[in-house]
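Each chain, letter by letter, is given below.
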Amino acid sequence: MSQPRKVSRIVVVGTGFVGSSYAYACFIQGLCHELVLVDVNEEKAIGDAMDLNHGLPFARTPMTIRVGNYSDCKDADLVVLTAGANQGPGETRLDLVAKNARIFRSIIDSVMENGFNGIFLVATNPVDVLSYVTWKYSGLPSERVIGTGTILDTARFRYLLGQAYHVDTRNVHAYIIGEHGDTELPVWSLTDIGRRSIAQYLKDGKGPSQQELDNLFIQVRDAAYHIIQAKGATYYGIGMGLARLTQAVLENENSIHTVSCLAQGEYGLEDVYIGLPAVINQNGIREVIELKLNESETKKLQHSATVLSEVIHSALPSQKT
Ligand SMILES: NC(=O)c1ccc[n+]([C@@H]2O[C@H](COP(=O)([O-])OP(=O)(O)OC[C@H]3O[C@@H](n4cnc5c(N)ncnc54)[C@H](O)[C@@H]3O)[C@@H](O)[C@H]2O)c1
């Protein structure tokens, strides 16, 4: 008789807008066997589990979706952290630090006390800081703590470039790196559409002007503010980004995404979680990819890392080196 296939389990901690959108994306794509929902507001998690289960007759693959607790983390492949306070209108992601670092202390302790030995995916903001906090509090190797970093910003960038050049966004190769926030930067020098560089487009006088491209990046950087103003929170895009990372891990894809990961000398950066392109597989972050940035991009990335580093060390003063 063949061995039963291992049951893949994901525990989602925090079934608010982001956690429930992620759960829905996983469910629709049939990404795992078991999806366990944990929230301090248990009523909300119960409601979500009921609502999702009512979609089972229409699902691609069967899935067990249930409310659980931290003991479910023991055998989980992934614990996905989407719990915490949300960014209010006019509030920056960095304003959330103190509030969410406190919440993370208790969550991560509870996850680890139950013998978790898988991979953390972190989406709660400020995501770079909380990914670092998760790494430190959990004691897991850094390759097993992945923050969503600039995965969403890169997606927004590719979407808008696809629109601007009238090309399928999947043929747009472009990265936003750095902080998931105000100091992030576009890697214009390596951006291409179907192997034709943006610089070439500009030289040929085709597509948007430099001014229009500069405005496009501002739209990317400030997208969350506009969405929050319009409807209070952003969640579908990041829900799909988290699902994409889930697939990269569970299917051992070795695919490349701009995630928040620990810099250990890459780009001259040390001891900071920051959005960089990295290869993701079943072990987590296999490798951070070091791009050949131009001088201005390098400076901007270093500035972004300095800003993050200061916040990280103010959130975790005892970690200062
Ligand atoms: N990384 C990204 O690109 C990105 C994008 C959008 C939102 N976010 C962030 O995701 C986070 C969640 O956003 P949201 O819109 O879902 O917020 P939300 O308020 O709708 O949901 C947060 C959930 O966390 C739960 N929670 C709070 N403390 C908890 C605890 N100690 N244990 C378990 N559950 C707890 C709350 O009950 C709530 O259900 C925010 O920090 C937000 O800024 C990140």
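Analysis parameters
- Residues numbered from 1 in each chain as written.
- Predicted model: local features only at pLDDT ≥ 70, side-chain atom pairs only at ≥ 80, totals over all residues.
- Heavy atoms only, no water.
- Domains from an automatic or database assignment.
- Contact = heavy atoms within 4.5 Å.
- Buried area = accessible area lost by both parts, 1.4 Å probe.
- Salt bridge = Lys/Arg side-chain N within 4 Å of Asp/Glu carboxyl O.
- Polar contact = N/O pair within 3.5 Å; in protein donor to acceptor, adjacent residues only side chain to side chain.
- Helix = DSSP H or I, 4+ residues; strand = E, 2+ residues; numbered from the N terminus.
- Nonpolar A, V, L, I, M, F, W, Y, C, P; charged D, E, K, R; others polar.
- Near = heavy atom within 4 Å.
- Areas by Shrake-Rupley, 256 points an atom, 1.4 Å probe, with all protein chains shown as cover.
- 1 Å grid on protein atoms, 1.4 Å probe; cavity = no way out; pocket = protein on both sides within 12 Å on 5 of 7 lines; lining within 4 Å.
- Sits in = over half its atoms within 2 Å of the grid points.
- Buried < 20%, exposed > 50% of the residue type's maximum accessible area, 1.4 Å probe, protein only.
- Axes fitted to C-alpha atoms, helices over the stretch in contact; angles between N-to-C directions.
- Parallel < 35°, antiparallel > 145°, perpendicular 65-115°, else oblique.
- Left-handed = near helix turned anticlockwise from the far one by under 90°.

> Honestly, the domain arrangement of the protein in this entry has me stumped. Any pointers?
Examined at the domain level, the protein breaks down into domain 1 (9–147) and domain 2 (151–319). Computed from C-alpha coordinates alone, the two centres of domain 1 and domain 2 are separated by 22 Å. With 41 residues of domain 1 at the contact, the number on the domain 2 side is 45 residues. Both faces considered, domain 1 and domain 2 share a buried interface measuring about 3500 Å² in area, 70% of it formed by carbon and sulfur atoms. Here domain 1 is connected to domain 2 by 0 salt bridges. At the boundary of domain 1 with domain 2, the tally comes to 8 residue pairs in polar contact (both at pLDDT 80 or more). For the side of domain 1 that touches domain 2, the element with the highest residue contribution is helix 4 (residues 127–138), accounting for 9 residues. The residue inventory of the side of domain 1 that touches domain 2, partitioned by class, reads 23 nonpolar, 11 polar and 7 charged.

> I would appreciate a short explanation of the site of the ligand in the present structure.
Contacts to the ligand come from 26 residues, most closely from Phe17, Val18, Asp39, Asn86 and Ala123. When isolated, the ligand has an accessible area of 870 Å², and the protein chains bury 86% of it. When atoms are counted within 2 Å of each cavity's grid points, the one that captures over half of the ligand is the second largest pocket. Elements with a contribution of two residues or more to the shell around the ligand: helix 1 (17–29) and helix 3 (97–113). The greatest single-element share of the shell around the ligand, amounting to 3 residues, is contributed by helix 3. Broken down by class, the residue content of the shell around the ligand amounts to 12 nonpolar, 13 polar and 1 charged.

> I would appreciate a short explanation of the pattern of salt bridges in the present structure.
For side chains bearing opposite charge, pairing can occur when the charged atoms are close. Under the definition given, this model contains 13 salt bridges. Arg9 is the partner of Asp72 in a salt bridge, and the nearest nitrogen-oxygen pair spans 4.0 Å. Of this pair, Asp72 sits in the loop between strand 3 (64–67) and strand 4 (78–81) while Arg9 is found in strand 1 (residues 9–13), placing the two residues 63 residues apart along the sequence. Under the relative-accessibility criterion, Asp72 is labelled buried at 9%. Ionic pairing is found between Arg195 and Asp192, a salt bridge with its closest N-O pair at 2.7 Å. Sharing partners across several salt bridges, the network here consists of Arg9, Glu34, Arg66 and Asp72.

> Explanation requested: the packing of helix 4 against helix 10 (residues 295–315) in the structure shown.
In contact at an axis separation of 10 Å, helix 4 and helix 10 are set at 45 degrees when each is read in the N-to-C sense. With respect to helix 10, the axis of helix 4 lies oblique. Seen along the crossing, helix 4 lies across helix 10 with a hand that is right-handed. Residue-level contacts link Asp128, Val129 and Tyr132 of helix 4 to Leu308, Val311, Ile312, His313 and Ala315 of helix 10. Partitioning the contact of helix 4 with helix 10 into residue classes produces 6 nonpolar, 1 polar and 1 charged.

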